[in-house]
Amino acid sequence: MHGYGDDKAKVLARLRRIEGQVRAIEQMVQDDKYCIDVLTQIAASNSALKSVALLLLDDHLKHCVYQATQDGGAVADEKIDEASAAIARLVKS
């Protein structure tokens, strides 16, 4: 099981909500809504995605990385490097 296993329903619910937000943004563009209103909704969708990413990262650290550090060795180093790279990608976005 992946680290997010316990939160899978929550993650899926949030992703469905974000999907609805994105569809609404598409409709706003089709309806020629005001640019700033569209940009505001895009910012809200980005924020919601970052929230899901942080939830997944937290679960990964508490489950996958924790277990790897308990096992030790090269697997632990690999999981820590993997988590560091994921954090770097999130910070850049």
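Residues numbered from 1 in each chain as written. Predicted model: local features only at pLDDT ≥ 70, side-chain atom pairs only at ≥ 80, totals over all residues. Heavy atoms only, no water.

### Describing the pattern of salt bridges
Counted under the stated rule, the structure contains 4 salt bridges. Note that Asp58 is salt-bridged to Lys62, the shortest N-O span being 3.1 Å. Of this pair, Asp58 and Lys62 are both found in helix 2 (residues 35-71), 4 residues apart, which corresponds to roughly one turn of the helix. Judged by its relative accessible area of 31%, Asp58 is partly exposed. By relative accessible area, Lys62 is classed as exposed at 58%. A salt bridge links Glu82 to Lys79, with the shortest nitrogen-to-oxygen separation between them at 3.7 Å. Here Lys79 and Glu82 lie together in helix 3 (residues 73-92), a separation of 3 residues that amounts to about one turn. Looking at Glu82, the relative accessible area reads 38%, which means it is partly exposed. Among the residues examined, Lys79 registers a relative accessible area of 24% and is labelled partly exposed. (Salt bridge = Lys/Arg side-chain N within 4 Å of Asp/Glu carboxyl O. Helix = DSSP H or I, 4+ residues; strand = E, 2+ residues; numbered from the N terminus. Buried < 20%, exposed > 50% of the residue type's maximum accessible area, 1.4 Å probe, protein only.)

### A closer look at a nonpolar patch on the surface
Residues Tyr34, Ile36, Leu39 and Ile42 make up a contiguous nonpolar surface patch of about 400 Å² in total accessible area. Note on placement: Ile36 falls in helix 2. (Patch = residues over 30% accessible without salt bridge, like charges linked within 9 Å, V, L, I, M, F, W, Y side chains within 5 Å. Areas by Shrake-Rupley, 256 points an atom, 1.4 Å probe, with all protein chains shown as cover.)

### What to know about the packing of helix 2 against helix 3
Where helix 2 meets helix 3, the axes come as close as 8 Å, and the angle between the chain directions of the two elements is 165 degrees. Judged by the inter-axis angle, helix 2 sits roughly antiparallel to helix 3. The chirality of how helix 2 crosses helix 3 is left-handed. Residues Ala53, Leu57, His60, Leu61, Cys64, Val65, Ala68, Thr69 and Asp71 of helix 2 touch helix 3, and the partners they reach there are Gly73, Val75, Ala76, Lys79, Ile80, Glu82, Ala83, Ile87 and Leu90. (Axes fitted to C-alpha atoms, helices over the stretch in contact; angles between N-to-C directions. Parallel < 35°, antiparallel > 145°, perpendicular 65-115°, else oblique. Left-handed = near helix turned anticlockwise from the far one by under 90°. Contact = heavy atoms within 4.5 Å.)

### Let's talk about the environment of His63
Examined against the element boundaries, His63 turns out to sit in helix 2. Owing to a relative accessible area of 37%, His63 belongs among the partly exposed residues under this scheme. Separated by 59 residues in the primary sequence, His63 and Tyr4 place their C-alpha atoms 8.2 Å from one another.

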